[in-house]
Amino acid sequence: MGSYIQVLALIIAGIVLLWFGYSLFFGPLSPFYPGRLSWKSWKKKGNIKGEAGDPQICPVCCIKLDRGELVKSIAFPSMTGGRDRLMYINGCFSCLNNRLPRRCPVCGSRLSVSDYLISRMFERSNRRNHVHVLGCNQCRRTGSLAR
């Protein structure tokens with residue numbers, strides 16, 4: 001009789017451990033949860049396009065950025081001590097992973113993953129910073145040689 005109770009206790013403990021492991025790896029708080037990052041949610045996000053100058057839009061692929069999503073960029077310090085700085089914009093997560101076509105908003109040429117946009121960032125104290133895209137590294141190079 002005591003061995004039956006021990007076997008029953010082991011079976012119940014095994015079921016509880018399996019349930020705990022499943023909920024740990026496939027529950028709603030898990031990174032592997034099927035509804036967290038699916039193709040359907042990415043496809044829905046991919047349909048939201050905007051213009052290159054609109055706020056919360058990636059200037060390289062023109063897709064609307066979600067809350068908390070950032071554009072990879074490099075801002076250099078100002079040489080004159082003013083409020084404008086030179087900035088290189090590489091793009092957002094979607095266009096850096098070759099999911100969306102990358103285009104220069106100035107010349108319209110197709111950009112590879114190693115290409116970047118050259119822009120100026122104006123720092124404002126009471127509002128968000130303003131970014132003005134001058135062109136990509138291809139059209140700015142050819143434009144400067146033609147002058």
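Residues numbered from 1 in each chain as written. Predicted model: local features only at pLDDT ≥ 70, side-chain atom pairs only at ≥ 80, totals over all residues. Heavy atoms only, no water.

## Side note on the side chain of N90
Rule in force here: Under the DSSP-based scheme used, a helix requires at least four consecutive residues in state H or I and a strand at least two consecutive residues in state E, with every element numbered from the N terminus. Two residues qualify as a contact provided that any one of their heavy atoms is within 4.5 Å of a heavy atom in the partner residue.
With respect to the element layout, N90 can be found in strand β2 (residues 84–91). Once residues within four sequence positions are removed from consideration, N90 is found in contact with V60, K72, S73, L96, R102, D115 and Y116.

## Some points on the pattern of salt bridges
What counts, and what does not: The term salt bridge refers to a pairing of a side-chain nitrogen on Lys or Arg with a carboxyl oxygen on Asp or Glu at a separation within 4 Å. Only protein chains enter the accessibility calculation, which uses a 1.4 Å probe; a residue is then buried when its area is under 20% of its type maximum, exposed when over 50%, and partly exposed in between.
With the rule as written, the count across this model stands at two salt bridges. Between D84 and R120 there is a salt bridge, with its nearest N and O atoms 2.4 Å apart. Remark: R120 occurs in strand β3 (residues 117–122) and D84 occurs in strand β2; sequence separation between them is 36 residues. Judged by relative accessible area, D84 falls into the partly exposed class, the value being 25%. The partner of E123 in a salt bridge is R85, and the shortest N-O contact between them spans 2.8 Å. Residue E123 is found in the loop between β3 and β4 (130–136), and its partner R85 is found in strand β2; the two are separated by 38 residues along the sequence.

## Some remarks on the state of the cysteines
In plain terms, the rule: Only a pair of cysteine sulfur atoms within 2.5 Å counts as a disulfide in this structure description.
Throughout the structure, instances matching the rule amount to zero disulfides. Here C104 is not cross-linked by a disulfide; its sulfur's nearest cysteine counterpart is in C107, at 3.7 Å. Taking the relative accessible area as the measure of exposure, C104 reaches 3% and is therefore buried. Since its relative accessible area comes to 40%, C107 is described here as partly exposed.

## So, the packing of aromatic side chains
Rule in force here: Ring geometry is summarised as follows: Phe, Tyr and Trp rings, the Trp one being its six-membered ring, pair when their centres sit within 6.5 Å, and such pairs are stacked at plane angles under 30 degrees, edge-to-face over 60 and tilted between the two.
Following the criterion strictly, the structure yields two aromatic pairs and no others. Here the aromatic rings of F76 and Y88 are separated by 5.0 Å at their centres, their planes lie at 80°, and the arrangement is edge-to-face. Placement of F76 in the loop between β1 (72–75) and β2 and of Y88 in strand β2 is noted, with a sequence separation of twelve residues between them. One aromatic cluster in this structure is built from F76, Y88 and Y116.

## A word on unusual backbone geometry
Its identity as a non-glycine residue notwithstanding, C62 has a phi of 60°, on the positive side. Looking at the secondary structure, you find C62 in the loop between α2 (39–46) and β1.

## A look at the pairing of β2
Note the following rule: Paired strands, in this sense, are two strands between which DSSP finds at least two bridges.
In this sheet, β2 lies alongside β1 in antiparallel orientation, the contact comprising four bridges. Bridge pairing in β2 places I74 opposite Y88. Pairing of β2 with β3 involves six bridges; the strand directions are antiparallel. Along β3, the bridge assignment pairs M87 with S119.

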